[in-house]
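Results of the structural survey
Read off the chains here:
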Amino acid sequence: MDRDIYISNEDLIRRRDQNAWKDCSTPLSRYLRTDRPIALLFRQIATPSFEVWSFVRKARRFGLEPVILEHVNDSFSVHNSYKRSLAVMPIALGKNCYNEIVWRRQKLAKLDSLEGCKLKSIKLASGESLVSYHHRKLYGAFGARAPRLVDLKEIVPSVAFGAQGYYHDLLNLLHGNVVLFEDFVVDPQTADFFTRVVLPAYEGSLMKMSGRPQIARLTFGGRSASPFWNYYPPSVSDSTMAAAQGGYHAANCI
């Protein structure tokens, strides 16, 4: 149901090769003080998962600067697989003789203690916040090549009104030299969100702006529904005995 909203890889390649990106004075470009075309990934917390590695590589292959737009004011939910992976990180260790991924859980917190907490307010037992923990892992993994980070509330004031409010403003950013990378519909839950929230915002942006919002597929086909994208490479793992044994640290929200 979302296939008609995406621009093609061929179009991205053409723009890269012909240096054909449009106006670079978009609100996001001015905020970041850059004249480079921007690839945007919208996630609650920037973290070095396989999805983020893939996004960064794809963005740079198309000649785009990777930027992660964060929504740290969002609330934790055990029913959301992405949010669960932030608190109980699935570490991929390799593959077995059946070509299946071998992985273990790196538990940062008990999930039931976090339900409903604002992500930015979650503190681990060490005193470090959950957001800072994942940022530290991100910069440790990417170094100077790390994507730039932007807090959603800094460029979309309507974030306080919930997704049905801020998605209109978010999609209105996707013009000129800004492209959002996303797979909106991968399962029944995301299909419902797309129908209720994203599609009305998309249609509203079509009427308000000249041209459709620029959205490219992050992955393709059945791969987009794979839980693998929320896994982490072994290098991200904490080198502690507690983590190796699958233990967890107490955490709370303040």
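All values reported here derive from a predicted model rather than from experimental measurement. (Residues numbered from 1 in each chain as written. Predicted model: local features only at pLDDT ≥ 70, side-chain atom pairs only at ≥ 80, totals over all residues. Heavy atoms only, no water.)

Let us look at the packing of aromatic side chains. Going through the model one piece at a time under the given rule, you end up with 12 aromatic pairs. When the ring of Phe 55 is compared with that of Phe 181, the centres are 5.9 Å apart and the planes differ by 65°; the resulting orientation is edge-to-face. Here Phe 181 lies in strand β7 (residues 178–182) and Phe 55 lies in helix α3 (residues 50–61), a separation of 126 residues in the sequence. On the basis of relative accessible area, Phe 181 is assigned to the buried category, the value being 0%. Between the aromatic rings of Trp 103 and Tyr 231, the centroid separation amounts to 5.4 Å while the plane-to-plane angle is 50°, which identifies the pairing as tilted. Highlighted residues: Trp 103 in strand β4 (residues 101–107) and Tyr 231 in the loop between β8 (215–217) and α9 (241–244), separated in sequence by 128 residues. Overall, Tyr 231 belongs to the buried group, its relative accessible area being 11%. Chaining the aromatic ring pairs together yields one cluster made of Phe 50, Trp 103, Phe 228, Trp 229 and Tyr 231. Here Arg 61 stacks its cationic end above the ring of Phe 62, 5.6 Å away from the centre of that ring. (Phe/Tyr/Trp six-rings, centres within 6.5 Å; stacked < 30°, edge-to-face > 60°. Helix = DSSP H or I, 4+ residues; strand = E, 2+ residues; numbered from the N terminus. Buried < 20%, exposed > 50% of the residue type's maximum accessible area, 1.4 Å probe, protein only. Lys NZ or Arg CZ within 6 Å of the ring centre and 35° of its normal.)

Turning to the pattern of salt bridges, a few remarks are in order. Taken as a whole and assessed by the stated rule, the structure comprises 12 salt bridges. Lys 137 is the partner of Asp 238 in a salt bridge, and the nearest nitrogen-oxygen pair spans 2.6 Å. One end of the pair, Asp 238, is in the loop between β8 and α9; the other, Lys 137, is in helix α5 (residues 130–142), with 101 residues separating them in the sequence. The two residues Asp 238 and Lys 137 agree in class, both being buried. (Salt bridge = Lys/Arg side-chain N within 4 Å of Asp/Glu carboxyl O.)

What follows covers the confidence of the model for the protein chain. A low pLDDT means the predicted coordinates there should not be read in detail. Within the protein chain, residue pLDDT values average 89, and 92% of them lie at 70 or more. Mean pLDDT in the protein chain bottoms out at α9, which sits at 39, and peaks at strand β2 (residues 65–70), which reaches 98. (pLDDT = per-residue confidence, 0-100.)

Turning next to helix α1 (residues 9–18). Within α1 the residues assigned to the buried category are Asp 11, Leu 12 and Arg 15. One face of α1 carries all of its buried residues, which in axial projection span an arc of 100°. Of the exposed residues in α1, the ones pointing more than 90 degrees away from its buried face are Glu 10, Asp 17 and Gln 18. In this structure, the buried residues of α1 make contact with β7 and β8. Positive phi shows up at Asn 19, right after α1, with a value of about 50°. (Arc of directions from axis to C-beta. Contact = heavy atoms within 4.5 Å.)

On the basis of which strands lie adjacent, the open sheet formed by five strands has the order β6-β2-β1-β7-β8 and parallel pairing. Whereas interior strands pair on both sides, the edge strands pair on one side only; in this sheet they are β6 (148–151) and β8. Here the strands of the sheet are splayed against their neighbours by 35° on average, with no regard to which way each runs. In the sheet, β2 pairs with β6 via four bridges, with the strands oriented parallel. Across the sheet, residue Glu 70 finds its bridge partner in β6, namely Asp 151. Relative to strand β1 (residues 38–43), helix α7 (residues 163–171) is tilted by about 170°, and along the sheet it contacts β1, β2 and β8. (Pairing = 2+ DSSP bridges. Axes fitted to C-alpha atoms, helices over the stretch in contact; angles between N-to-C directions.)

Between the first and last C-alpha of helix α8 (residues 188–208) there are 29 Å, a value that for 21 residues agrees with the 30 Å anticipated at 1.5 Å per step. Its axis deflected by about 45° at Phe 194, α8 carries its strongest bend there. Every buried residue belonging to α8 is among Ala 191, Phe 194, Val 197, Val 198, Ala 201, Tyr 202 and Ser 205, and all of these are buried. Packing partners of the buried residues in α8 comprise α7 and β8. For α8, the capping residue at the N-terminal end is Asp 187, with a side-chain oxygen 3.2 Å from the backbone nitrogen of Gln 189. (Expected span 1.5 Å × (residues − 1). Bend = angle between axes of the 7 residues up to and from the residue. Polar contact = N/O pair within 3.5 Å; in protein donor to acceptor, adjacent residues only side chain to side chain.)

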